[in-house]
Structure formats: C-alpha cells, structure tokens
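# Notes for the structure review
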Amino acid sequence: MKAAGLTAVVGLLAVSQGYAQFPERKVQVMYPWAPGTPTYGVSQLIAEGMAKELGQAVPVVAKPGSGGVKAFKAFLNSPADGYTIADGYVAPLVLAPMFGNADWGCDDFIPLYSATSNSFAIATRPNDDRWSDFKSFIGYLKDHPGETRYNGNELTLPHMVAAKVLKQLDIVSRPVPYPDLALGMKDLRNGTLDWLIVNPGMYRANKDHLKILATLSNQKAVQEVYDGAPTPKDVGVDLGISGLTASGWDWWLVHKDTPEDRLDKLRGAMQAALKDKDVRDGIAKAGFVPTNYSPDEYSKVCNSVSDELKSAKDAVEWEKKKVRALSQ
C-alpha cells in the first residue's frame, strides 16, 4: 500500500511539474501579414498580455505571402506542443480553402479565443450632393445602374462583402481594382471613384475627407469606431450579412493534438490578456473591436461566416453579369 501510494504521489507530482513547466521557452505566434501594420500591432498587444501570464516571451513572427497561406503552412509544420500559435485571419482560414488555395477548414484547428474584428463601412466624399444618407445613396444607385465606381479587388474580402450588399439591394456599381486602399482613397477625393469600402484605419487617417453612410455591422462597438455613423439597423436596411462576415477578423488557433493541459494554459493566458485594460485600450485605439467569442463558439461562428462568404463569392459573379449586361 505504501509503495502504491508513493507511486501515485510521484505520478501526480510529475504531472503537476509538467504542467508548471509549460512553457519552458518562448511561445511564438505565426502572423500572416507583413510587420508594421495596425493588425500586427494589435497582435503584439495580445501577445504581450499573454507573455505576462505565461512568464515567457510571446513573439509575433510575421510570415507574409500567398494571402496568409505561407504562415498557416509554417504553423502546420510545427510540432503540436503548444509552442506555436496561428493568428488565424479570415483570409487564410476561410477564403484560401474556398478558392482552392488550401486544403484545411475551420474544424481542422483548436481555438484559443477570438481576438478582434476590423469592420468595414461604406464611405463617400462629405460634399457629394448626389445623396445625403445611405437610403438616398441606394436610391441614386438604383436610378443610375452601373454609373458609379467603387474599390473592388476581385475576390478580396471587402469586394466580396460589397458585392453581397449590392446584390441584396439589387443595385449595380462598377468595381475598380486597387492594389492599395490608400490609392482608392486618393481617387475618391479626386472624383475618380464615387464611393469606397473603408476600414477603421483608413477612416481615422482621413476623417476630414470621408462621410460614412453606413457601417456594415450592427454592433454598437463598430458604430463607436466610426464615430456614431448609422448602422444597417438604424436605416432599416437588411444587407444580407451578419456577425463577423463584414469584417477582417482573427481567432488564435493551435494544433488539434495539442496536450489538453497546455491548451488550457494558453487559453487562460489569452483570456486574461483580452481582459487586460491596457490591451483593450490599445485595441480600441487602433480602431479594432474585441470580438469576445469563447472557444465553444468557434466552430459555429467560423463555419457560418464561411457559408455567408460562399454566397458573397456568388454575388461577385452576379455583379460581373450585371456590369457586362450594362456595357452591351
């Protein structure tokens, strides 16, 4: 009995010490875009908050390329030991598989927590007298099909969302591809473009030159980011999109085979980081919104966004047909 009891105690101590020892070294976060962007800064804020909890450095490693696929592949090639986290943005997580550029899906990963969203809005020039609000904007586009132009890089998230909204409202505008949103902003100001799908960063940098006709989310936090601009609900319009669909967003993910005790410790650290006032203030200052989804909501949220984006992809094809018909 004594020997058995001693063996049990030793076993428990070994498990306890194994848990306490993780992490024994840095835990890296694979980030899918270039460093120095607002999204990179937000990821660093969360990682620094986690580092306080874990007692180890949590560097954010930028691996841009192939629409985020390069970072995901690097993550998948790492051991399932909890020392590598994927910063799972919607483009590599959902869009890349949808376009045949990756062979994974939402349910191939285990979530820690949702991190942030970066929601879009429809903007125009403040002095444009063709419309005064979102409803008159819709009315103008109905009366002048295909006569307006907006920023629309084919099969990027903002373009897909815009096409989905246009199809839902049965209005046609011509998408113009831009390699950079700042170039679209420049052409909006000089009159080459009529309206713009913007993100909070572009809005905050150009407030004096933009009028937000409507956010593309009904969240109050998103409305606050755009300084009280009307939401679709405010103007009584159903845009045919919900939840995170009209946003850039990320969930932090680990391998499916990550040991349970390490998963729990990483989740606890991320949850604490997202509750930290300094982290939350930094996220808000960058124009992002904490999404506050728990791990058990991941599969439902990720797969529902995937389904809505499939219909948004179809809306791009609808838009092409409409534009071609108007050009004949």
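Structure report, in brief. On a predicted model such as this, the values are computed, not experimentally measured, just so you know.

### Here we look at helix α3 (residues 69–76)
- For α3, the complete set of buried residues consists of V69, A71, F72 and F75. Projected onto a plane normal to the axis of α3, the buried residues spread over an arc of 160° and lie on a single side.
- Elements in contact with the buried residues of α3: β1 (28–31), β3 (84–89), α4 (90–98) and β10 (247–254).

### Thoughts on the packing of α4 against helix α12 (residues 298–327)
- Running from N to C, α4 and α12 cross one another at 50°; their axes reach a closest spacing of 10 Å. The orientation of α4 relative to α12 falls into the category oblique. Note on packing geometry: the crossing formed by α4 with α12 is right-handed. Seen from α4, the contacting residues are V90, L93, V94, L95 and M98; seen from α12, they are Y298, C302, S306, L309, K310 and K313.
- A per-class count over the contact of α4 with α12 returns eight nonpolar, one polar and two charged.

### Structural notes on empty space enclosed by the protein
- Counted according to the given criterion, the structure contains one cavity of 30 Å³ or more.
- Considered as a void within the structure, the largest cavity measures approximately 30 Å³ in volume.
- Around the largest cavity, the lining residues are S117, N118, S119, P200, V222, V225, Y226, G287 and V289.
- For the lining of the largest cavity, the elements supplying multiple residues, two or more each, are β4 (110–119) and α9 (220–225).
- The leading source of residues in the lining of the largest cavity is β4, at three residues.
- Its residues assigned to classes, the lining of the largest cavity shows five nonpolar, four polar and no charged.

### A few points about the sheet that holds β3
- Spatially, six strands are ordered β2-β1-β3-β10-β4-β11 in an open sheet, and the strand pairing comes out mixed. The open sheet is flanked by β2 (60–62) and β11 (289–290), the only strands paired with a single partner.

### Some remarks on helix α7 (residues 181–190)
- Of the residues making up α7, those classed as buried are G184, M185, D187 and L188. All buried residues of α7 fall inside an arc of 165° around its axis, so they share one side.
- Packing partners of the buried residues in α7 comprise β5 (121–124), β8 (196–198) and α8 (200–205).
- Following α7 by one or two positions, G191 adopts a phi angle in the positive range, close to 95°.

### Structural notes on the layout of surface pockets
- By volume, the largest pocket amounts to about 1100 Å³.
- As for the largest pocket, its lining consists of 33 residues, and the residues nearest its centre are N118, F120, P158, L181 and N199.
- At the level of elements, α2 (38–54), α4, α6 (157–169), α7, β8 and α8 are the ones that each hand at least two residues to the lining of the largest pocket.
- Tallied by class, residues from the lining of the largest pocket come to 19 nonpolar, 13 polar and one charged.
- If you trace the second largest pocket, you find 14 residues lining it, with S217, N218, I241, S242 and G243 closest to the centre.
- Counted by class, the lining of the second largest pocket contains seven nonpolar, five polar and two charged residues.

Procedures and definitions
- Residues numbered from 1 in each chain as written.
- Predicted model: local features only at pLDDT ≥ 70, side-chain atom pairs only at ≥ 80, totals over all residues.
- Heavy atoms only, no water.
- Buried < 20%, exposed > 50% of the residue type's maximum accessible area, 1.4 Å probe, protein only.
- Helix = DSSP H or I, 4+ residues; strand = E, 2+ residues; numbered from the N terminus.
- Arc of directions from axis to C-beta.
- Contact = heavy atoms within 4.5 Å.
- Axes fitted to C-alpha atoms, helices over the stretch in contact; angles between N-to-C directions.
- Parallel < 35°, antiparallel > 145°, perpendicular 65-115°, else oblique.
- Left-handed = near helix turned anticlockwise from the far one by under 90°.
- Nonpolar A, V, L, I, M, F, W, Y, C, P; charged D, E, K, R; others polar.
- 1 Å grid on protein atoms, 1.4 Å probe; cavity = no way out; pocket = protein on both sides within 12 Å on 5 of 7 lines; lining within 4 Å.
- Points joined across faces, edges and corners; volume = space filled by probe spheres on them.
- Pairing = 2+ DSSP bridges.

So far we have only geometry, and geometry alone does not tell us how the molecule works.
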